[in-house]
Amino acid sequence: MRSFVLEWQVTDVLRSDARAGQERVRRRLEYEGWRLTGENVSDMGFRFERPDTDETVAVDWYEHTGTLAVSVHTSCGKLPAGFDEYAWPSSEWSAG
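A few points on the structure. Since this is a predicted model, take the numbers as computed values, not measurements.

1. Here's the deal with the overall build of the chain
Link 1 in the chain: Counting secondary structure elements, the chain contains one helix and five strands.
Link 2 in the chain: For the chain, the α and β elements follow one another from N to C terminus as β-α-β-β-β-β.
Link 3 in the chain: Sorting the 96 residues of the chain into buried and exposed places 27% on the buried side.
Link 4 in the chain: Contacts in the chain between residues far apart in sequence, at least 24 positions, make up 41% of those at least 6 positions apart.
Link 5 in the chain: When the accessible surface of the chain is summed, it comes to about 6900 Å², and 50% of that surface belongs to carbon and sulfur atoms.

Put into structure tokens, the structure is as follows:
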């Protein structure tokens with residue numbers, strides 16, 4: 001068991017594209033019962049927490065660089081047998 005933080009970002013994202021992506025994430029999290037814990041944390045962003053766990057999701061957009069950033073955290077997760085964090089290529093991670 002261990003904690004996980006997954007972070008992803010891309011630059012040069014237009015405000016309208018970032019907002020559309022954020023709204024899709026927001027709707028999905030709300031549908032699944034996540035709770036909004038913060039808004040406008042960055043130039044345009046929000047935080048959600050899963051009520052029955054301590055998992056969090058942060059989605060931010062920074063106007064200066066057009067960076068769209070997503071961060072997911074969970075303090076407890078079970079690793080699959082044979083997992084090696086240094087030998088597992090990022091191309092094998094999926095959004096499920």
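After that view of the structure, there is still more to cover.
2. Focus: the packing of aromatic side chains
Link 1 in the chain: Counted by the stated rule, this structure contains one aromatic pair.
Link 2 in the chain: Here the aromatic rings of phenylalanine 46 and phenylalanine 48 are separated by 5.5 Å at their centres, their planes lie at 90 degrees, and the arrangement is edge-to-face. Each of the two residues, phenylalanine 46 as well as phenylalanine 48, counts as buried.
Link 3 in the chain: Here the basic side chain of arginine 26 rests over the ring of phenylalanine 46, its NZ or CZ set 4.5 Å away from the ring centre.

3. Topic: the environment of glutamate 39
Link 1 in the chain: In this fold, glutamate 39 is placed in strand β2 (residues 35–39).
Link 2 in the chain: Along the chain, glutamate 39 and valine 59 lie 20 residues apart, while their C-alpha atoms are 9.7 Å from each other.
Link 3 in the chain: Setting aside residues up to four positions removed in sequence, glutamate 39 forms contacts with Arg26, Gly45 and Phe46.
Link 4 in the chain: A polar side-chain atom of glutamate 39 sits 3.0 Å from a polar atom in the side chain of arginine 26.

Analysis parameters
One numbering rule holds for all chains: residues counted from 1, following each sequence as written. Predicted model: local features are reported for residues with pLDDT of at least 70 only, side-chain atom pairs are reported and counted for 80 or more only, and whole-chain, interface and lining totals are derived from all residues. Here the side-chain values reflect all heavy atoms present in the structure, with hydrogen atoms and water set aside. Helix and strand assignments follow DSSP, with helices taken as H or I runs no shorter than four residues and strands as E runs no shorter than two, numbered in order from the N terminus. For every residue, the accessible area obtained with a 1.4 Å probe (protein chains only) is divided by the maximum for its type, and the residue is called buried under 20%, exposed over 50%, and partly exposed between those limits. We call two residues in contact when some of their heavy atoms are within 4.5 Å. Note on areas: Shrake-Rupley with a 1.4 Å probe; residue coverage comes only from the protein chains shown. Aromatic rings from Phe, Tyr and Trp, with only the six-membered ring used for Trp, were paired whenever their centres fell within 6.5 Å, and each pair was classed as stacked if the ring planes differed by under 30 degrees, edge-to-face if by over 60, and tilted otherwise. By the criterion adopted, a ring carries a charge over it if an Arg CZ or a Lys NZ lies within 6 Å of its centre and within 35 degrees of its normal. Between N or O atoms, a polar contact is any pair within 3.5 Å; within protein, one atom must be a potential hydrogen donor and the other a potential acceptor, and residues adjacent in sequence are included only when both atoms are from side chains.

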